[in-house]
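Summary of the model geometry
The residues making up each chain are set out below.
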Amino acid sequence: MSKLVSAADAVSHIQDGAMVAVNSSSGLCCPDAILAALGTRFDETGSPRDLTSIHPIAAGDFFGTKGVDHIAKPGCLTRIIGGSYPSGPTKADPPKIWQMIVANEVKAYNVPSGIVFDMLREGAGQRPGVLTKVGMQTFVDPDLEGCAMNDAARSEPIVERQNFDGEDWLYFRALRPDVAIIRATTSDGNGNLSFEGEGAYLGAMEMALAARNCGGIVIAQVRRVAQNGSIRPHDVRVPGILVDYIVETPDMLQTTATPYDPAISGELIRPLDSFSIPEFGVQKVIARRVAQELEAGWAVNIGFGVSANVPRIFLEEGQHCAVTWVIEQGAVGGIPLLDFKFGCASNAEAFVASPHQFAYFQAGGFDCSLLSFLEIDANGSVNVSRLSATPHRTAGAGGFVDITTRARKIVFSGTFNAGAKMRIEDGKLVIDKEGHTAKFVQAVDQVSFSGKRAQMQGQVATYVTERCVVELRPKGLTVTEIAPGVDLQRDILDQAATELAVADDLKPMPAELFLPGLMGLAL
């Protein structure tokens, strides 16, 4: 019997109460046609009901890929376990999934992306669950929020503390999906899948294995179907023995708002001069100062936000390839893309599966991580995962907690407060209008990174802003550098909603950061 079916036929095999795992990262690898068919089936028949959906990384975006919103319907979806969620501009209408979360219409959990993959792996191996230190003393910890995003989720805890072999651990039960919905580029008639046109593998193999080993089904959306035997065995990333149904979708987007870019999938090497360089201004000053924290030969993780510009600072300064960039979706090397195409890289040296990348991160195998912040508190803890007033502006934690748990060095970057109007003039920072919201606060709204635990583990944490550099030291947050043109008391200490210490050897931020032209980055 042919495995090639319509999307409607494929989703007809999903039963009420099923646990459905979806392989996606915003628009990247998102099996949107299958999710759309699943939502349509519910609208027309009222089935399947009471689904649990699993998303190690968000499915869908604000730019043409609805993803999880296709099934974000009361009665259809009753529980969602996500490493991250679709996020976008404040003024945009919240996605349906966020509306359900806020209204307590679905039990919603924000579990670190790497841990979600670990839970699927344990399910595939028919083991009981995951013991991990990832997330201790953060919102992941049941002593704080236990990953629950709303009251509905708090009624059904997903994580607990357990003592094993004399140590405290966080324990997550294994996930045993009934369905895995994945996406690839090409399938043959037997269901062997290759990813030559994709920008990542994410966790396709791991999800397929978990569903198969738990007695479930695997549905694959592909761009094209090829003759049996025409895909080289080395190119098969998910073997056909794991795939039940193939849905051919020729016009699917490659990633967010991108029909196809061969440089994203490693089929073309872009000329280096084709990449845009950030315009001179406040954001570039921050990215430049972050770049100075790195050393040649390092493997450096970067996150969404200001830090995503740092590879382009290296490119401009003639230091491309001095460090190797690694991102959670699986790209190693190359130049990570910006904005909502973040998660893809052009000119990557390699793609690894996201679960392997997260194992690398969780154990601190890399040299440094460059990440953003929403808030920083008196203990050096960081909130990057929740904005209570506009929750859909943030994606949740994603891989942030996995990455920071044991990272040896972390550089957080962002503006000192929210809403300030600033410019660079004659080599100095000019603040025309002060911000309306402090980012340095007494206590963060949600602990995504624990400063106390970082100090206990000997991690190095630095916070780079446009007006100063702050370090986490034993005596607390300490201002170590100050921008030219900035008054320490008026522009820094008085603008923080928590006490900041000042280093005895306080020095100016390097002058070259604030001048147009090359800054002479040397590693």
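You'll find the structure just up there.
Here the structure is a predicted model, which is why all the values come from computation and not from measurement.

1. Topic: the overall build of the protein chain
Per the secondary structure count, the protein chain includes twelve helices and 33 strands. Taken against the 2.2 N^0.38 rule, which gives 24 Å for 523 residues, the C-alpha radius of gyration of the protein chain at 23 Å falls within 12% of a compact globule. Burial statistics for the protein chain: of 523 residues in total, 60% are counted as buried. Restricting the contact set of the protein chain to residue pairs at least 6 apart, pairs at least 24 apart contribute 76%.

2. A look at the sheet that holds strand β5 (residues 129-132)
Across the sheet, which stays open at both edges, the three strands sit in the order β5-β7-β6 with antiparallel pairing between neighbours. Two strands lie at the open edges of the sheet, namely β5 and β6 (159-164), each paired on one side alone. Mean inter-strand twist for the sheet, computed between neighbouring axes without regard to direction, equals 35 degrees. The pairing of β5 with strand β7 (residues 167-173) spans four bridges and is antiparallel. By the bridge assignment for β7, Thr132 is matched with Leu170. Where helix α4 (residues 113-124) meets the sheet, its contacts fall on β5 and β7, and the angle it forms with β5 comes to roughly 135 degrees.

3. Observations regarding helix α7 (residues 282-291)
The α-helix winds at 3.6 residues per turn, so residues separated by three or four positions along the chain end up facing the same way. Counting buried residues along α7, nine of its ten residues qualify, which places the element largely inside the surrounding structure. Restricting attention to buried positions, one finds in α7 the residues Val282, Lys284, Val285, Ile286, Ala287, Arg288, Arg289, Val290 and Ala291.

4. Brief notes about the nonpolar core
Within the largest apolar cluster, 116 residues are counted, with the highest numbers of intra-cluster contacts made by Val111, Phe172, Leu370, Phe412 and Tyr463. Those residues in contact with Val111, other than ones at most four positions away along the chain, are Ile81, Gly82, Gly83, Val116, Met119, Cys147, Ile158 and Phe172. One finds Val20, Leu35, Ile80 and Val106 within the second-largest nonpolar core, a separate group that totals 34 residues.

5. Points about the sheet that holds strand β4 (residues 107-110)
Read across the open sheet, the seven strands follow the order β4-β3-β2-β1-β8-β11-β14; overall the sheet is parallel. Of all the strands in the sheet, just β4 and β14 (245-248) have a single pairing partner and so form its edges. Recorded for the sheet is a direction-independent mean angle of 15 degrees between the axes of neighbouring strands. One ladder, built from three bridges, connects strand β1 (residues 19-22) with strand β8 (residues 179-183); its direction is parallel. Of the residues in β8, the one forming a bridge with Val20 is Val179. Sheet strands touched by helix α2 (residues 32-45): β1, β2 (51-55), β8, β11 (217-222) and β14. Its angle to β11, the strand with the most contacts, is close to 120 degrees. Along the sheet face, helix α6 (residues 204-213) touches β1, β8 and β11 and points at about 155 degrees away from the line of β8.

6. Let's talk about the environment of Arg121
With respect to the secondary-structure elements, Arg121 resides in helix α4. Placed 82 residues apart in sequence, Arg121 and Gly203 show a C-alpha to C-alpha distance of 10.0 Å.

7. Some words on the environment of Ile492
Within the fold, Ile492 resides in helix α12 (residues 488-492). Linking Ile492 and Ile482, residues ten residues apart in sequence, is a C-alpha distance of 8.8 Å. Residues in contact with Ile492, not counting those within four places in the same chain, are Phe416, Arg467, Cys468, Val479, Ile482, Val486, Asp487 and Leu500.

8. Regarding the pairing of strand β31 (residues 468-473)
Two elements, strand β30 (residues 460-464) and β31, share three bridges in a ladder whose sense is antiparallel. Across the sheet, residue Thr462 finds its bridge partner in β31, namely Glu471. Here β30 hands over to β31 after three residues, the two strands then running antiparallel side by side. Judged from the six bridges that link them, β31 and strand β32 (residues 476-482) form a sheet pairing that is antiparallel. Looking across to β32, one finds that Val469 is bridged to Glu481. As consecutive antiparallel partners, β31 and β32 are separated by two residues.

9. Quick word on the packing of aromatic side chains
Inspection of the entire model under this criterion finds 15 aromatic pairs. Arranged with centres 4.8 Å apart and planes meeting at 25 degrees, the rings of Phe416 and Phe440 form a pair that is stacked. Highlighted residues: Phe416 in the loop between β24 (409-413) and β25 (417-418) and Phe440 in strand β29 (residues 440-441), separated in sequence by 24 residues. One exposure class covers both Phe416 and Phe440, and it is buried.

10. Remarks on the environment of Leu4
Within the secondary structure layout, Leu4 lies in the segment before α1 (7-11). When the C-alpha atoms of Leu4 and Val247 are compared, they prove to be 6.0 Å apart, with 243 residues separating the residues in sequence. Here Leu4 is in contact with Val225, Ile246 and Glu248, once residues within four sequence places are set aside.

11. Comments concerning the pattern of salt bridges
This structure, assessed with the given rule, holds 29 salt bridges. Among the salt bridges present, the one from Arg289 reaches Glu293, with a minimum N-O distance of 2.9 Å. You can call Arg289 buried: its relative accessible area is 6%. Since its relative accessible area comes to 15%, Glu293 is described here as buried. Here Arg467 and Glu434 are joined by a salt bridge, their closest N and O atoms 3.2 Å apart. On the criterion of sequence distance, the pair formed by Arg467 in the loop between β30 and β31 and Glu434 in the loop between β27 (428-433) and β28 (437-438) is long-range, its members being 33 residues apart. Here Arg467 falls in the buried class, since its relative accessible area comes to 0%. A residue is classified by how much of its surface remains accessible, and Glu434, at 24% relative accessible area, is partly exposed.

12. Quick look at the packing of α4 against helix α9 (residues 354-362)
Across the interface, α4 lies against α9 with an axial gap of 9 Å and an inter-helix angle of 120 degrees. Compared by their axis directions, α4 and α9 come out oblique. The interaxial crossing formed by α4 with α9 has left-handed handedness. Two secondary-structure elements touch here, α4 through Ser113, Gly114, Ile115, Phe117 and Asp118 and α9 through Ser354, Pro355, Phe358 and Gln362. By residue class, the composition of the contact of α4 with α9 is four nonpolar, four polar and one charged.

Quick notes on the rules
- Residues numbered from 1 in each chain as written.
- Predicted model: local features only at pLDDT ≥ 70, side-chain atom pairs only at ≥ 80, totals over all residues.
- Heavy atoms only, no water.
- Helix = DSSP H or I, 4+ residues; strand = E, 2+ residues; numbered from the N terminus.
- Rg over C-alpha atoms; globule rule 2.2 N^0.38 Å.
- Buried < 20%, exposed > 50% of the residue type's maximum accessible area, 1.4 Å probe, protein only.
- Contact = heavy atoms within 4.5 Å.
- Pairing = 2+ DSSP bridges.
- Axes fitted to C-alpha atoms, helices over the stretch in contact; angles between N-to-C directions.
- Core = buried A, V, L, I, M, F, W, Y, C linked by side-chain atoms within 4.5 Å.
- Phe/Tyr/Trp six-rings, centres within 6.5 Å; stacked < 30°, edge-to-face > 60°.
- Salt bridge = Lys/Arg side-chain N within 4 Å of Asp/Glu carboxyl O.
- Parallel < 35°, antiparallel > 145°, perpendicular 65-115°, else oblique.
- Left-handed = near helix turned anticlockwise from the far one by under 90°.
- Nonpolar A, V, L, I, M, F, W, Y, C, P; charged D, E, K, R; others polar.

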